[in-house]
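A closer look at the structure
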Amino acid sequence: TQVLRKCLQRGVVLSTGSFLVYEAHKLIYGFAEVHASFKVEDVIEQADYLYGSGETEKLYRLLVQHKNSDDAELLWRLARSSRDLAQLGSTSAEEKRQLTYDSLEYAKKALEKNESNFAAHKWYGICLSDVGDYEGIKTKIGNAIIIKEHFQRAIELNPKDATTIHLIGIWCYSFAEMPWYQRKIAATLFATPPTSTFQEYAANSHLKLFSCLYAADPNFYSKNLLFLGKTYLKLNNKKMALLWLSKAKEYPAQTEEDKQV
């Protein structure tokens, strides 16, 4: 009654029926807001289950419904699922390109929503690297420092994340393997071009961590095994190279990337 009286005093004419509808709307809207917070958790739980089950297409269809979300946890998962869908052999070249650019946008939005989210940094770095495949070698090399910075930030936020440690190792490997003409491009882009050698890569603690990651979880990542083998091969340690490449070959392929490895 008091609320109704105040409304009338402000010149707002409300019938008893419309006032009750208004109050009911507030209650329902408030409940919907609370329910939405639980819904996000439910979506994340379902998404993680689908990811673990290798249901790439179902996962993407679930998450793309939430592309306008303000939740960084949903957005970086959407970036990952978009990239995974792009990697499928059944995805056309045109769809692959679109998904690659979409995944970068989702990762970028996740960072904007929560700069302290380690996974957002990790997937932004990964997706930025993927986009470089379409932008040309100059852009790809130009983005290299940015990519590494995001990987390093991800490790700062979560030092135990095995995937990011692996990615730093891949970054070092890529620059160690860079052909001379790409080094020329790098020299024109940077006052001090990003460089790496296989000796530096091998001496780097990341290589030891890769081995530790395997000891902790042999099925961590097929590509981790592959690059351990490739690195030892570059160091002319054929015995260790054969060991790790054999493990990569015997890895039970579940994803498209596993098959490529």
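Just so you know, these numbers come straight off a predicted model, no measurement behind them.

With 70% of its residues at a pLDDT of 70 or more, the protein chain has an overall mean of 78. Mean pLDDT across the elements of the protein chain bottoms out in helix H1 (residues 2–9) (39) and peaks in helix H5 (residues 93–113) (97). Note on residues 1–37: pLDDT is under 50 here. Beyond four places in sequence and across chains, it has eight contacts.

A separate point is helix H8 (residues 144–157). In this model H8 runs 20 Å from its N-terminal to its C-terminal C-alpha over 14 residues, within 8% of the 20 Å that 1.5 Å per residue would give. Ala 144, Ile 147, His 150, Phe 151 and Ala 154 are the residues of H8 that are buried. Down the axis of H8, the buried set is contained in an arc of 130°. They therefore lie on one face. For H8, the secondary structure elements touched by its buried residues are H5, helix H6 (118–135), helix H7 (137–142) and helix H9 (162–176).

Under the definition given, this model contains one aromatic pair. Here Tyr 101 and Tyr 134 contribute two aromatic rings whose centre-to-centre distance is 6.0 Å and whose plane-to-plane angle is 45°, an arrangement assigned as tilted. Note that Tyr 101 is positioned in helix H5 and Tyr 134 in helix H6, a separation of 33 residues in sequence. For Tyr 101, a relative accessible area of 24% puts it in the partly exposed group. The lysine or arginine in question, Lys 230, covers the ring of Phe 227, its NZ or CZ lying 4.7 Å from the ring centre.

Next up on the list: the environment of Ala 79. Residue placement: Ala 79 occurs in helix H4 (residues 72–87). Classification of Ala 79 as buried rests on a relative accessible area of 0%. Taking the C-alpha atoms as reference points, Ala 79 and Trp 123, separated by 44 residues in sequence, lie 7.0 Å from one another. Once residues within four sequence positions are removed from consideration, Ala 79 is found in contact with Ser 103, Tyr 106, Ala 107 and Cys 127.

Here we come to the nonpolar core. Ranked by size, the top nonpolar core spans 41 residues in total, and within it Leu 63, Leu 104, Ala 110, Tyr 124, Phe 151 and Trp 171 carry the most contacts. Breaking this core down by element, the ones donating at least two residues are helix H2 (16–52), helix H3 (56–64), H4, H5, H6, H8 and H9. Counting eleven residues, the second largest nonpolar core, distinct from the first, contains Tyr 173, Phe 227, Ala 241 and Tyr 251.

A few words now on the packing of helix H13 (residues 222–234) against helix H14 (residues 238–250). Relative to each other, H13 and H14 sit at 160°, their axes nearing to 7 Å. Compared by their axis directions, H13 and H14 come out roughly antiparallel. Note that H13 runs across H14; the crossing there is left-handed. Touching Ser 222, Leu 225, Leu 226, Leu 228, Gly 229, Lys 230, Tyr 232 and Leu 233 of H13 are Lys 238, Met 240, Ala 241, Trp 244, Leu 245, Lys 247 and Ala 248, all from H14. Split into classes, the residues belonging to the contact of H13 with H14 amount to ten nonpolar, two polar and three charged.

Parameters at a glance
- Residues numbered from 1 in each chain as written.
- Predicted model: local features only at pLDDT ≥ 70, side-chain atom pairs only at ≥ 80, totals over all residues.
- Heavy atoms only, no water.
- pLDDT = per-residue confidence, 0-100.
- Helix = DSSP H or I, 4+ residues; strand = E, 2+ residues; numbered from the N terminus.
- Contact = heavy atoms within 4.5 Å.
- Expected span 1.5 Å × (residues − 1).
- Buried < 20%, exposed > 50% of the residue type's maximum accessible area, 1.4 Å probe, protein only.
- Arc of directions from axis to C-beta.
- Phe/Tyr/Trp six-rings, centres within 6.5 Å; stacked < 30°, edge-to-face > 60°.
- Lys NZ or Arg CZ within 6 Å of the ring centre and 35° of its normal.
- Core = buried A, V, L, I, M, F, W, Y, C linked by side-chain atoms within 4.5 Å.
- Axes fitted to C-alpha atoms, helices over the stretch in contact; angles between N-to-C directions.
- Parallel < 35°, antiparallel > 145°, perpendicular 65-115°, else oblique.
- Left-handed = near helix turned anticlockwise from the far one by under 90°.
- Nonpolar A, V, L, I, M, F, W, Y, C, P; charged D, E, K, R; others polar.

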